[in-house]
Amino acid sequence: MDQAEASKLVFNALAHAVAGDSDAAATSLESLGTQSDNHQMYGVCCAIAEVGKRMMQRLFGEQPTDSMVVLQELKPGAAMADPHRAFALRFLTAYANDDRDMTLALFDTALAAGGEQYVESVCALLAEVAGLCRLALAQPTT
């Protein structure tokens, strides 16, 4: 799969997820997964996380260069009860903090878990970013 096709599928997956059409989002994500190798899927996860980072900037403003992004849950421990969501939040946080070593380590861990664990982790990342998109789009623009 070339980069243009992958970009289109990432965009479609995000657009459908934001719109709440999980079946169409899953179809795009499945196409990405079946036509991509592991390196390309890491790029897909980074592309999704980049959108999440930009949505956090829209919601909370630009962070000073010497600061760190921290995601805190309103219900402590909820993500830890769901390992896929924990992956998504950790990956997104690491990406937002420009910690590429950690994003790669998290991706490799999800990949090593294999099969359904890996797929659910990538889906959770898409769902978390779609939620951020919905929040950001609901905010009035100035």
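Computed from a prediction, not measured in an experiment: that's the story for all the values here.

Draft legend 1. Up close: unusual backbone geometry. Backbone geometry at Asp98 places phi at a positive 55°, although glycine is not the residue there. Note on placement: Asp98 falls in the loop between α5 (83-96) and α6 (100-113). Residue Asp98 is classed as partly exposed on the basis of its relative accessible area, which comes to 48%.

Draft legend 2. Inspection of the packing of aromatic side chains at higher detail. This model, assessed by the stated rule, comprises 4 aromatic pairs. For the pair Phe87 and Phe91, a centre-to-centre distance of 5.5 Å together with 40° between the ring planes defines the contact as tilted. You can see Phe87 and its partner Phe91 sitting in helix α5, 4 residues apart, about one turn around the helix. Relative accessible area serves as the criterion here: at 0%, Phe91 is assigned to the buried category.

Draft legend 3. Region of the structure containing the environment of Leu126. With respect to the helices and strands, Leu126 occurs in helix α7 (residues 115-138). A residue is classified by how much of its surface remains accessible, and Leu126, at 5% relative accessible area, is buried. Residues Leu126 and Ala88, 38 residues apart in the sequence, show an inter-C-alpha distance of 8.0 Å. Leu126 has contacts with Ala13, Leu14, Ala17, Ala25, Leu29 and Ile48, leaving out every residue within four places of it along the chain.

Draft legend 4. Structural view of helix α3 (residues 38-60). A rise of 1.5 Å per residue sets the reference length of α3, with its 23 residues, at 33 Å; its end C-alpha atoms lie 32 Å apart and thus fit the reference within 8%. Regarding α3, the residues found buried are Met41, Tyr42, Val44, Cys45, Cys46, Ile48, Ala49, Gly52, Lys53, Met55 and Met56. Buried residues in α3 make contact with α1 (3-19), α2 (22-35), α5, α6 and α7. A side-chain oxygen of the first residue of α3 lies 3.1 Å from the backbone nitrogen of His39; this N-cap is Asp37. Positive phi appears at Gly61, one or two residues downstream of α3, with a value of about 85°.

What counts, and where the lines are drawn
Residues numbered from 1 in each chain as written. Predicted model: local features only at pLDDT ≥ 70, side-chain atom pairs only at ≥ 80, totals over all residues. Heavy atoms only, no water. Helix = DSSP H or I, 4+ residues; strand = E, 2+ residues; numbered from the N terminus. Buried < 20%, exposed > 50% of the residue type's maximum accessible area, 1.4 Å probe, protein only. Phe/Tyr/Trp six-rings, centres within 6.5 Å; stacked < 30°, edge-to-face > 60°. Contact = heavy atoms within 4.5 Å. Expected span 1.5 Å × (residues − 1). Polar contact = N/O pair within 3.5 Å; in protein donor to acceptor, adjacent residues only side chain to side chain.

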